[in-house]
Protein chains: 4
Amino acid sequence: MYNFKNDYSEGAHPNILNKLIETNLIQQLGYGEDEYSIQAKALLREKTNNPEAVIYFLSGGTQTNLIVIASSLRAHEAVISAKTGHISANETGAIEATGHKVIAIETTDGKLKASDLQITLQEHALRPHVVKPRLVYISNSTEIGTIYTKADLLSLSEFCKANNLLLYLDGARLGHALTAENSDLTLSDVAQLTDMFYIGATKNGGLIGEAIVFNRPEVATDFDYVLKQRGALLAKGRLLAIQFLELFRDDLYFSLARHANVMAMKISAAVKEKGYPFLTNSTTNQIFPILPNTVIEKLNEKYLFYVWKAIDEKQSAVRLITSWATDETMVDAFIEDLKNA
Amino acid sequence: MYNFKNDYSEGAHPNILNKLIETNLIQQLGYGEDEYSIQAKALLREKTNNPEAVIYFLSGGTQTNLIVIASSLRAHEAVISAKTGHISANETGAIEATGHKVIAIETTDGKLKASDLQITLQEHALRPHVVKPRLVYISNSTEIGTIYTKADLLSLSEFCKANNLLLYLDGARLGHALTAENSDLTLSDVAQLTDMFYIGATKNGGLIGEAIVFNRPEVATDFDYVLKQRGALLAKGRLLAIQFLELFRDDLYFSLARHANVMAMKISAAVKEKGYPFLTNSTTNQIFPILPNTVIEKLNEKYLFYVWKAIDEKQSAVRLITSWATDETMVDAFIEDLKNA
Amino acid sequence: MYNFKNDYSEGAHPNILNKLIETNLIQQLGYGEDEYSIQAKALLREKTNNPEAVIYFLSGGTQTNLIVIASSLRAHEAVISAKTGHISANETGAIEATGHKVIAIETTDGKLKASDLQITLQEHALRPHVVKPRLVYISNSTEIGTIYTKADLLSLSEFCKANNLLLYLDGARLGHALTAENSDLTLSDVAQLTDMFYIGATKNGGLIGEAIVFNRPEVATDFDYVLKQRGALLAKGRLLAIQFLELFRDDLYFSLARHANVMAMKISAAVKEKGYPFLTNSTTNQIFPILPNTVIEKLNEKYLFYVWKAIDEKQSAVRLITSWATDETMVDAFIEDLKNA
Amino acid sequence: MYNFKNDYSEGAHPNILNKLIETNLIQQLGYGEDEYSIQAKALLREKTNNPEAVIYFLSGGTQTNLIVIASSLRAHEAVISAKTGHISANETGAIEATGHKVIAIETTDGKLKASDLQITLQEHALRPHVVKPRLVYISNSTEIGTIYTKADLLSLSEFCKANNLLLYLDGARLGHALTAENSDLTLSDVAQLTDMFYIGATKNGGLIGEAIVFNRPEVATDFDYVLKQRGALLAKGRLLAIQFLELFRDDLYFSLARHANVMAMKISAAVKEKGYPFLTNSTTNQIFPILPNTVIEKLNEKYLFYVWKAIDEKQSAVRLITSWATDETMVDAFIEDLKNA
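Residues numbered from 1 in each chain as written. Chains lettered and ligands numbered in written order. Predicted model: local features only at pLDDT ≥ 70, side-chain atom pairs only at ≥ 80, totals over all residues. Heavy atoms only, no water.

Below, the discussion takes up the relation of the copies chain C and chain A. Expressed as a screw operation, the relation of chain C to chain A combines 0.0 Å of axial shift with a rotation of 180°, fitting to an RMSD of 0.0 Å. As the rotation angle and translation indicate, the two copies are arranged about a two-fold axis. Here 100% of the contact residues of chain C are again contact residues in chain A; the copies associate through an equivalent surface. (Least-squares fit on C-alpha atoms with pLDDT ≥ 70 in both. Contact = heavy atoms within 4.5 Å.)

We now examine the interface of chain B and chain A. Listed as interface residues are 49 residues of chain B and, on the opposing side, 49 residues of chain A. Summing both sides of the interface, chain B and chain A together bury roughly 4,100 Å²; the carbon and sulfur share of this comes to 58%. On the surface where chain B and chain A come into contact, there are zero salt bridges. Between the two partners, chain B and chain A, sit 22 residue pairs in polar contact (both at pLDDT 80 or more). Counting only elements with at least two residues in the side of chain B that touches chain A, the list comes to strand 1 (2–3), helix 1 (14–23), helix 3 (61–72), helix 5 (94–97), helix 10 (223–229) and helix 11 (238–249) of chain B. Per element, the largest residue contribution to the side of chain B that touches chain A is four residues, and it comes from helix 1 of chain B. Taken together, the residues of the side of chain B that touches chain A sort by class into 22 nonpolar, 20 polar and seven charged. (Buried area = accessible area lost by both parts, 1.4 Å probe. Salt bridge = Lys/Arg side-chain N within 4 Å of Asp/Glu carboxyl O. Polar contact = N/O pair within 3.5 Å; in protein donor to acceptor, adjacent residues only side chain to side chain. Helix = DSSP H or I, 4+ residues; strand = E, 2+ residues; numbered from the N terminus. Nonpolar A, V, L, I, M, F, W, Y, C, P; charged D, E, K, R; others polar.)

Another point: the interface of chain C and chain A. On the side of chain A, 15 residues touch chain C, which itself brings 15 residues to the contact. Roughly 1,300 Å² of surface becomes buried between chain C and chain A when both sides are summed, with 48% attributable to carbon and sulfur atoms. Of all residues in chain C, Thr92(C), Glu96(C) and Lys101(C) give up the largest surface area on contact with chain A, accounting jointly for 39% of the area buried on that side. A salt bridge links Glu96(C) to Lys101(A); its shortest N-O distance comes to 4.0 Å. Along the contact surface separating chain C from chain A lie eight residue pairs in polar contact (both at pLDDT 80 or more).

This paragraph deals with the pairing of strand 7 (residues 196–200) of chain C. Residues and elements named next belong to chain C. Summarising burial for strand 7: five of the five residues are buried, a large majority. Of the two faces of strand 7, the one carrying Met196, Tyr198 and Gly200 and the one carrying Phe197 and Ile199 are both buried. Pairing geometry for strand 6 (residues 166–170) and strand 7, over two bridges, is parallel. Each bridged residue has a counterpart across the sheet, and for Tyr168 the counterpart in strand 7 is Met196. (Buried < 20%, exposed > 50% of the residue type's maximum accessible area, 1.4 Å probe, protein only. Pairing = 2+ DSSP bridges.)

Attention now moves to the domain arrangement of chain A. Put simply, an interface is often sized by how much accessible area is lost when its parts join up. Residues and elements named next belong to chain A. The domain architecture assigned to chain A consists of domain 1 (2–7 + 253–340) and domain 2 (14–250). One C-alpha centre belongs to domain 1, the other to domain 2, and the line joining them spans 27 Å. Between domain 1 and domain 2, the contact holds 19 residues from the first and 28 residues from the second. For the pair domain 1 and domain 2, the summed buried surface comes to about 1,900 Å²; carbon and sulfur atoms form 56% of the total. The tally of links from domain 1 across to domain 2 stands at one salt bridge. Asp7 is the salt-bridge partner of Arg173, the closest N and O atoms lying 2.7 Å from each other. Here domain 1 and domain 2 share 13 residue pairs in polar contact (both at pLDDT 80 or more) between them. Looking at the side of domain 1 that touches domain 2, its residues break down into nine nonpolar, eight polar and two charged. (Domains from an automatic or database assignment.)

Further remarks concern the pairing of strand 13 (residues 315–321) of chain A. All names here are of chain A. In terms of burial, strand 13 is a largely internal element, six of the seven residues being buried. Relative to strand 13, strand 9 (residues 286–287) runs antiparallel, the two being bridged by two bridges. Bridged to Ile287 within strand 13 is Leu320. The pairing of strand 10 (residues 290–292) with strand 13 spans three bridges and is antiparallel.

Right, let's talk about a nonpolar patch on the surface for a bit. Among the surface-exposed residues, Leu126(A), Leu279(C), Tyr306(C), Trp308(C) and Ile311(C) lie close enough to one another that they form a single nonpolar patch of about 420 Å² accessible area. Leu279(C) gets classed as partly exposed once you look at its relative accessible area, which sits at 32%. (Patch = residues over 30% accessible without salt bridge, like charges linked within 9 Å, V, L, I, M, F, W, Y side chains within 5 Å. Areas by Shrake-Rupley, 256 points an atom, 1.4 Å probe, with all protein chains shown as cover.)

The tally for this structure, following the rule as stated, stands at 56 aromatic pairs over all chains. On the numbers, 5.2 Å between centres and 70° between planes, the contact of Tyr8(A) with Tyr31(B) is edge-to-face. With Tyr8(A) in the loop between strand 1 (2–3) and helix 1 (14–22) and Tyr31(B) in the loop between helix 1 and helix 2 (35–47), this residue pair bridges two chains. Just as Tyr8(A) is buried, Tyr31(B) falls in that class too. Relative to Phe248(C), the ring of Phe244(C) lies with its centre 6.4 Å away and its plane at 15°, an arrangement referred to as stacked. Of the two residues, Phe244(C) and Phe248(C) are both situated in helix 10 (residues 238–249); the distance of four residues between them amounts to about one turn of the helix. By the burial criterion, Phe244(C) is buried, and Phe248(C) matches it. (Phe/Tyr/Trp six-rings, centres within 6.5 Å; stacked < 30°, edge-to-face > 60°.)

Structure (structure tokens):
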């Protein structure tokens, strides 16, 4: 069975494991004060074009989201998220467990717009009987594969600045977003237009690790305390740092993401050729074709993937995810099987 | 500079890294449903002599402590800990951040006794104006290097059972405790006498990882939800599982710990020979000699370690930690320098 | 200006104030152990036909909701509520501040149905990536004036029992619900069909006070601790108890509510006679007529009320609330002014 | 049995009940926007000599403490309190339930000194492994009857300002403190030397109510949201406001407290005359004589009071509390019985 269920089915890009072995017995300080952490932070400040950035490394997306939010908000402040946003749909109430409401907004494409924010603020005007919206959470790419353009992000950024809202971007799949064929955003655009964002490694070639980047030092004040308090400060920070050192040494992070996108788009083209529609308009490594249930059954004999949503009695949307490690021969085999199904 | 500051200065035992490389491209399910997690759990159930045990893998000690406690307690319930206990002294209020009070008990040796618990219950009798003690937290070895004997643990266990208290053992350095020369406890004793405990890998040869073992299934009910909610469920569970697969395949976990202890006891013997006293009566890999400040200064030129506590104007206690990776030639060099200082 | 904004514009029914004065200097134990609390609890056990009920008195609705929920749920458990439910729409994230997600369900009439619960459970099946629904929150009367029939409540109750869900009824306006002309529910029905509910006094003749009734002792375990912990245990419990002693000595609680309903229905009839529609189908003391903006402006010169929602450019829904203290002559005056507007 | 157990055995000063009756049917806005709240706030601003003060009314001490602290601190920040402080000893972990650690300091007299704070800061230097002390909690009078002098408070205030600590004074018994024979503090001193404090009415003639006074508007930012979120915003704010309107209209608040103190000191003098010692050096309305157990038994036949602490096999400390309502003839009777015991 070949696995198209997710982009974390394999371990890590070999460069990372090699570097772990190469540096294994060099003594280092603990708790993120090792040389590799220092180097990796410097490297990311350079790659984001922001010498002021304050950076920490964490172990996963839910952890990063909950700590950033717990650290940023006062008791009565709330987060605005698309209903499909990871913090709203997939994190077991992690944000609420830190005491904060997630205001979930219905969207058609998984993306928030300034107009959504405007309406949300109006609906939260009856002080003090409602929470105070304070942080806007977006994902790029989104949980349904769509991406933000530069104009999208600029518009959100301006609205947030004008309304005293923090803008936070979940970049679990940031590489896939920035290398999508229709993306006009760069890493430094993201750094300029958000207050903070994270760069996900786990889903793009790392064994573990997300890098939270605070674009203005003042939003990072005392973040180290909260990081420790929520159990995210690893004794061996070298493990996380080395992921980013290797992924960003050259262009590896982006080339891995591009591979994943290309693999997904190849399948996408085959789906279109067969005349099947899609649930969402994805240009990244998660695609949601709507297939006849008979086809799904057939494919399920050889491939693992989620059946996402029943559309009607005869067809369902499935989710196919490709990754940095996806084997193109298996993609070709899948396409062949799709054609014949 | 050679580092005696902690037991997480190096990476991991090479077997672990080799296994990570060997299995790297084998596709696995995510979120702890991989084959290695299944195997490692089975292995630990066998090693703890408890086929009923429910086991999860986490990334660090603070994380494990806070999730176990958040998962076990109702809103008004509290934890009892020695004042030197990690959750009381070193975790940035992690337990309080989950809403629970830590009742800190002064001890001379870092260990809780049944009599401490008895007094604490008496002091918390004025219901509902005080919290309800519900979980007892102990560390073995303790934060100051001491260990619990079987009789110690038996006595606590009986008191807890009789008083509806959960007994939880923090085993960040469980290997060091169980292999101390004066220990009469086994891993299966620990499994029998506590409700839950964790086996620490990070400080004993692992790159990352702690295994929480619930000795009765009913205390583990729904733990998976809380694990996810607090950001501890890694997408690539294989990373954690492989640590334990390798450390417990044979006797590696214990032989690594024994090495650390032996190195510490070798330094200890040299300290005693020089006539210097100790702050605590440690038989494990953390020792706290009281040295003249002039000697400390001299040693500090070549060795990294914490100056733990000023004793008077002329002498201070220091903390020296050895590990699975401590180089015996450096231990010998340190002893030589100590003799000559 | 006469106030139709809410049902807490006046103080308390005079019987309550008189009783406070009459008992004022009789020494009592503190913290709810006074004689009046004991008597009032006994009285409510009798009125609810449930000798097993465990009862506490609190100061307000938000307080009661948050403490009941904080006391009932484990960390990963969540509440299901109508989107219009008070905990979802009007309590500044009080439930989330205790760490729990409120799953908000869109409804047309402010009421939850078993089918809503069924769908919600299905949508929360992907354990452990989503919260675990555990408590169902309903209000009777609802925030938009509608009520639950006995069949409604029976159906919810059965679904909850079959699915291990707790059923909690917010009775801030329970008197109004039970005395509505189309209600077939009694206080003892409510006690039989829910796990817990509260009887609101603040909005029905009390100066302050809500009585939480746990219909099965086991759901009340240790509630006193959480009550104290969240700051709800008044030193002078007599203040709260005396409200209920007076309101339930005879039929006062219900006759006050009936008066409020009759006043609202009188206005309602006049609205209908003028041919104006309603936003919701209320039979209790909150009504939501849709009026031309010109009429609203005119009425606003003499009466206070909320403009609830713009319907289109020319008309808006308003909220009119009557109470135990509403003066019928002012109701008649309002109707007259409405007719002439 | 006459009750010396606490200072909340009776209802309220009659002026308050009379005013409640007098204003009962005057319609008011809800949620603290009533005229009485506006007037009472203005009155307290005048009495504290601080036109900038931001004031809210709450229902009890635990509630006030937890909301002030939850509103003031970020996730990793902690409170410093004497171990005998109410938040540390008597509030069921209310502060921890908001996520914040209470650092408890041993004292001999229930009072914190600048030197205690200095040591605490030193002990919390190992960032980020420990919480960040941010708010200092003191009570005046303390839980054991002692008081802060102006010099005491000045010294704390200076230390706090110099070290970025907020100074918060719990004034559950502020009246008793300020009217103690050895007090040189005034209400405006308290307003000048703290960041915020509360004026307790419940224990000094009110039926219910504490007034939180923020001495600088910036520390009160968005407090209204948190007040609502934690269930403390009463629908009928008039109830709380009228307590303060009446108690501070003239000098009533202070004359009631003075009466309580005088009654306690009268008993105190009799205890001394009999040659019995005291557990604490109280000059306010709570005294802790150490009496032979036989005497205690005898007195217990006619008087209610707490046996506070066994001193040895033959004697115990008891706690006697007097109040605004304590009947001097009963005090005289008690003294007579003490003499004869």
